[in-house]
Amino acid sequence: MNPAILEIGPLAIPVWAIVLGVGMISYLNSAAILVYAERRIAAFIQNRVGPNRVGPFGLLQPLADVLKLLLKEDVTPTHGYKKLHAIAPMIPVITALLSVAVIPFGAGLYVTDINAAVLYLLAVASLGVYGVTLAGWASNSKYSLLGGLRAAAQMISYELPMGMAVASVILMTGSLSLVDIAESQSMWWNFFVNPLGAVIFIICAFAESNRTPFDLVEAEQELVGGFHTEYSSMKFGMFFLAEYMHVFIGSILITTFFFGSYHLPFADLYIPADMNIWLKGILDVSVFTLKVCFWCFVFIWVRWTIPRFKYNQVMKLGWARLLPLSIINFMVIATIMYFTN
Amino acid sequence: MIVYLFILLAVLAIGSALAMVINKNVVNSALFLVINMVSLAGIYLLLNAQFLAVIQILVYAGAIMVLFLFVIMLLNVEDEEKLFDKFRVKYFLAFILGAAVVGQIFYSIAGVTDMLPEISSNMAEIGTVEEAGDVLYTKYLLPFEMTAILLTAAVVGALMVAQYKIKKG
Amino acid sequence: MLDSYFPILILAGIAIVLALLLMTLSRILGPYRPNKHKLNPYESGMDPVGEARERYSISFYLVAMEFIVFDLEVVFIYPWAVRYLDLGLGTFISMMVFITILLIGLLYTLKKGTLDWDLKTNKI
């Protein structure tokens, strides 16, 4: 874990506990803020007003949504597996929260720096597949089952090019620790040296979040609501929460792996090394937050601009285009790196 | 602390394994196997094998069990029939064989005096990704290359099985 | 080393408790008035026809199978990507061979149309 300890007067608080707490709260809050942002931005794009009744500018809308979800009736369909039906929505929420542990939010601001952090992230993400699959299976509804299967197949397909794109980053960093990856980008962001990997990673992040243009999983016109057709009340709310947390995590990962994490571009040139630690901390966290906000905005922007693919196109893009492309990208970068060092 | 964690994880692993075997619903069985994999990963972690622990979750729980789940759903298996509806000689023989294996296991356990294996002091370094890479790509290079051929064979095999079904059916 | 995994344990604990809390909260606060039609699975307002869990396309199974193979490839690549600069030319070449073999396998399956979900060209 992070060995640093913050001393405020008589109190000595370990930094990892602070980052853990703040990280979890920001994860959960990000969902609420993103729901509001999504509805406002969607309204703007479609030339509507959007939610503006609850509180000033409709800012309390997410709170009202949560209250409404909590007060709704919880329906489990007949002949469905009751226990699985209840467990399934918890899985994506838990796996999403688990990723807080290894992400650096600023220089020295991380919870823990484990040796295989990148693999840990991939492992946690791969466990998230169970949530949608089981939700589809346990519901005893045709729409749910098809949605769940599509979701699982799509998520596992895009995990591979994602993993290869990350591997091409590892080639340049030489470490699987996210702290090292963030630190190594103080001069050159990985996007500048590995743009193809960045593009592949971004597409995969979009596909993993199961949103338009990759929302075959819940394509309303054919599958009603996909794997959460039979979910109501807070069980549905948790899938909703997980979806927006995944958008947030996707933005964080894009930022961390390719867009310099908490560094400004070419930060080594003009950021003094002996900067005040508090000032540096504030600068780092605000740069990181701004980048993440930008990518969240892109997620929403894309969702309301680009129409949905067909399922065969999604699979073709994943297996026949992105996967070979990412493997070749990896080989080219490895060769260049090996023979220039 | 580590001993208690080990006992917790070991009980979880054995319990989930038993639950997997006993459970009649196949999907539930598969999920218990996932829990079993995760608790095994925890045990690897207690042995300071960090890389192995993460790989255990990534490959077994994240990939292979997803395939299991797909196959179960693909076959659409109903709940298992009750096993012992009537007495048969082969069940009796199977029981005796099983009892012999369990006895063997208990006998071996009784011979072990230390409960946990000693963890050598440099184990913390050996379990990292870097060390795994160093050994895997120098000492075990040939098995590593063979893996590539094995995996390709698996791909082709899966393809052939699928096509065979279609041609016959 | 083990203490660097301690926060993850705490995090998992908090996450599980949080998820359970949200579930029970909606159970307590929400009403529960089931009736037969409400509990029926949704099927556009009609009574559901037939079983929901039917057999489906083998393509899903093949995707999962291919996924395992290439997931293993990715897993093998990571330790190499960390150490490849220190391991010499032989290791570099053997890794390139490894990736090439699997790439050929991938191209073969793509050529055979296993992962092709188009209706017209679907050979399986």
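As the structure is a prediction and not an experimental result, all values here were calculated from the model.

What follows deals with the overall build of chain A. Scanning chain A for helices and strands turns up 15 helices and 2 strands. Relative to its length of 341 residues, chain A is compact, with a C-alpha radius of gyration of 21 Å against a globular reference of 20 Å. Expressed along its principal axes, the backbone C-alpha trace of chain A runs to roughly 60 × 55 × 45 Å. Among the 341 residues that make up chain A, the fraction classed as buried is 57%. For chain A, the proportion of contacts with a sequence separation of at least 24, taken over those separated by at least 6, is 79%.

When helices and strands are counted, chain C shows 4 helices and 0 strands. Each helix and strand of chain C, placed in order from N terminus to C terminus, yields the pattern α-α-α-α. Buried positions account for 35% of the 124 residues belonging to chain C.

Right, let's get into the packing of helix α5 (residues 117-127) of chain A against helix α7 (residues 142-173) of chain A. Relative placement of two packed helices is described by the angle separating their axes and the distance separating the axes. Residue and element names in this part refer to chain A. One way to put it is that α5 packs onto α7 with a least axis distance of 11 Å and a crossing angle of 170 degrees. With respect to α7, the axis of α5 lies roughly antiparallel. When α5 is examined against α7, the residues Val118, Leu122, Ala125 and Ser126 are found in contact with a partner set consisting of Glu159, Gly163, Val166 and Ile170. Considered class by class, the residues forming the contact of α5 with α7 number 5 nonpolar, 2 polar and 1 charged.

What follows is about the domain arrangement of chain C. You can read the domains of chain C as domain 1 (2-32) and domain 2 (58-121). Centre-to-centre separation of domain 1 of chain C and domain 2 of chain C, based on C-alpha positions: 37 Å.

Further remarks concern the environment of valine 22 of chain A. Relative to the helices and strands, valine 22 of chain A is located in helix α1 (residues 15-45). Put simply, valine 22 of chain A and valine 100 of chain A are 78 residues apart on the chain and 9.8 Å apart in space, counted from C-alpha to C-alpha.

Residues and elements named next belong to chain C. Among the structural elements, proline 48 can be located in the loop between α2 (36-39) and α3 (58-83). Each C-alpha atom, one on proline 48 and one on alanine 81, is 53 Å from the other, the two residues being 33 residues apart in sequence. Not counting residues up to four positions away in its chain, the partners in contact with proline 48 are Asn40, Pro41 and Glu43.

Turning our attention to the nonpolar core. By size, the foremost hydrophobic cluster in this structure holds 182 residues, and its most contacted members are Leu119 and Phe201 of chain A. Counting residues per element, this core draws most heavily on α7 of chain A, which supplies 19 residues. When near neighbours in sequence (up to four residues on either side) are disregarded, leucine 119 of chain A contacts Leu176 of chain A, Val54, Ile55 and Leu58 of chain B together with Tyr78 of chain C.

Here the focus is the interface of chain B and chain C. Taken together, the contacts link 37 residues of chain B with 38 residues of chain C. Every element with two or more residues in the side of chain B that touches chain C is listed here: α3 (50-75), α6 (129-136) and α7 (141-168) of chain B. Residue classes in the side of chain B that touches chain C are distributed as 28 nonpolar, 6 polar and 3 charged.

Further remarks concern the packing of helix α4 (residues 90-98) of chain A against helix α12 (residues 233-258) of chain A. All names here are of chain A. In the contact formed by α4 and α12, the axes pass within 8 Å of each other and the chain directions differ by 30 degrees. Relative to α12, the element α4 is oriented roughly parallel. Considering only the axes of α4 and α12, their crossing is left-handed. Taken together, the residues of α12 that come into contact with α4 (itself represented by Met90, Pro92, Val93 and Ala96) are Met238, Phe239, Leu241, Ala242, Met245, His246 and Ile249.

With that settled, consider unusual backbone geometry. Residue and element names in this part refer to chain A. Of note, asparagine 47 is a non-glycine position whose phi angle comes to about 60 degrees, a positive value. Along the chain, the position of asparagine 47 falls in the loop between α1 and α2 (61-70). Positive phi outside glycine occurs at serine 261, with the angle close to 50 degrees. Mapped onto the elements, serine 261 comes out in the loop between α12 and α13 (267-270).

A few words on α2 of chain A. Residues spaced three or four apart along an α-helix point in a common direction, a consequence of the helix completing one turn every 3.6 residues. Residues and elements named next belong to chain A. The complete set of buried residues in α2 reads Gln61, Pro62 and Leu69. Mapping the buried residues of α2 onto a view down its axis gives an arc of 100 degrees, with all of them on the same face. Where the residues of α2 are buried, they touch α1 and α12.

Calculation rules
- Residues numbered from 1 in each chain as written.
- Chains lettered and ligands numbered in written order.
- Predicted model: local features only at pLDDT ≥ 70, side-chain atom pairs only at ≥ 80, totals over all residues.
- Helix = DSSP H or I, 4+ residues; strand = E, 2+ residues; numbered from the N terminus.
- Rg over C-alpha atoms; globule rule 2.2 N^0.38 Å.
- Buried ≥ 20, exposed ≤ 12 C-beta atoms within 10 Å, placed from the backbone.
- Contact = placed C-beta atoms within 7 Å.
- Axes fitted to C-alpha atoms, helices over the stretch in contact; angles between N-to-C directions.
- Parallel < 35°, antiparallel > 145°, perpendicular 65-115°, else oblique.
- Nonpolar A, V, L, I, M, F, W, Y, C, P; charged D, E, K, R; others polar.
- Domains from an automatic or database assignment.
- Core = buried A, V, L, I, M, F, W, Y, C linked by C-beta atoms within 7 Å.
- Left-handed = near helix turned anticlockwise from the far one by under 90°.
- Arc of directions from axis to C-beta.

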